[in-house]
Amino acid sequence: MLASVRSLSSRVGLQAVSRASYGPLYHKYRFMSTDEDSHSDFKPQVKAVPVGTIEEQIKASISRDNVHVFMKGTPEQPQCGFSRMACAILNAYGVKYGATNVLADPEIREGIKEFSSWPTIPQVFIKGEFIGGADIMYNMHESGELMKMLQPILEEQEAKK
């Protein structure tokens, strides 16, 4: 096996270099740079801004969009069937909506449950009002109630085109 690896390395022009030759701390510190004169491309371009409490972040997300979904995954790649169903229903109406992936931030995941007093994900907000999860959205879709709620938003979106 070792002979075949050496043979492959020599054919491709790779040199076998021992990682130990870089020194014992190479792997630990290889990504840290303290050079004051490093190029500006490698310096942070955006300064971190305090984002506030979890509740403030949730309120900001809800107020930013007419329709907002706190879900597992993203609209393009939902990570659970209920999140997928919520997105499918909204996509069927053609409404634009924002989404927050609760899997990316455990504090948001728990915070949204406390904020809405609803234990499950996804959670859908329309015009700042908590609607419910995928099952409630489905029932509202079946009864025509969801269309009534989304109609003004759809008309507003059409007017902006």
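All of these numbers come straight from a predicted model, not from anything done at the bench.

**Digging into the overall build of the chain**
Secondary structure assignment for the chain yields seven helices and six strands. Ordered by position from N to C terminus, the α and β elements of the chain give α-α-α-β-β-β-α-β-α-β-β-α-α. Burial analysis of the chain (161 residues in total) assigns 27% to the buried set. Working note: accessible area of the chain is about 11,600 Å², and carbon and sulfur atoms make up 55% of it.

**Quick notes on the side chain of histidine 68**
Locating histidine 68 in the fold gives a position in strand β1 (residues 67-71). By relative accessible area, histidine 68 is classed as buried at 0%. Only 3.4 Å separates the side chain of histidine 68 from the backbone oxygen of serine 61, close enough to count as a polar contact.

**So, the packing of aromatic side chains**
Overall, the coordinates contain four aromatic pairs when judged by the stated rule. Seen from their ring centres, phenylalanine 125 and phenylalanine 130 are 5.3 Å apart, and the 50 degrees between their planes marks the pair as tilted. Grouping aromatic residues by their ring pairs yields a cluster made of Phe70, Phe115, Trp118, Phe125 and Phe130.

**Topic: the confidence of the model for the chain**
Per-residue confidence for the chain gives a mean pLDDT of 80; residues scoring 70 or more make up 68%. Across residues 1-23, confidence stays below pLDDT 50; counting only partners more than four residues off in sequence or on other chains, it has three contacts. Considering only residues more than four positions removed or in separate chains, one finds that residues 25-30, a stretch of pLDDT under 50, has one contact.

**Focus: the sheet that holds strand β5 (residues 123-126)**
With mixed pairing, four strands are arranged side by side in an open sheet as β4-β1-β5-β6. Unpaired on one side and paired on the other, β4 (98-101) and β6 (129-132) mark the two borders of the sheet. Along the sheet, successive strands turn relative to each other by an average axial angle of 25 degrees, direction set aside. Sheet analysis places β1 next to β5, joined by four bridges and oriented antiparallel. By the bridge assignment, histidine 68 is partnered in β5 with phenylalanine 125. The sheet strands contacting helix α5 (residues 106-116) are β1, β4, β5 and β6, and the helix crosses β5 at an angle near 60 degrees.

**A few points about the pairing of β4**
Side chains Gly98 and Thr100 project from β4 onto a buried face, and the interleaved Ala99 and Asn101 project onto a face without burial. Where β1 and β4 come together, four bridges link them in parallel fashion. Residue pairing in the sheet places methionine 71 in a bridge with asparagine 101 of β4.

Calculation notes
Residues numbered from 1 in each chain as written. Predicted model: local features only at pLDDT ≥ 70, side-chain atom pairs only at ≥ 80, totals over all residues. Heavy atoms only, no water. Helix = DSSP H or I, 4+ residues; strand = E, 2+ residues; numbered from the N terminus. Buried < 20%, exposed > 50% of the residue type's maximum accessible area, 1.4 Å probe, protein only. Areas by Shrake-Rupley, 256 points an atom, 1.4 Å probe, with all protein chains shown as cover. Polar contact = N/O pair within 3.5 Å; in protein donor to acceptor, adjacent residues only side chain to side chain. Phe/Tyr/Trp six-rings, centres within 6.5 Å; stacked < 30°, edge-to-face > 60°. pLDDT = per-residue confidence, 0-100. Contact = heavy atoms within 4.5 Å. Pairing = 2+ DSSP bridges. Axes fitted to C-alpha atoms, helices over the stretch in contact; angles between N-to-C directions.

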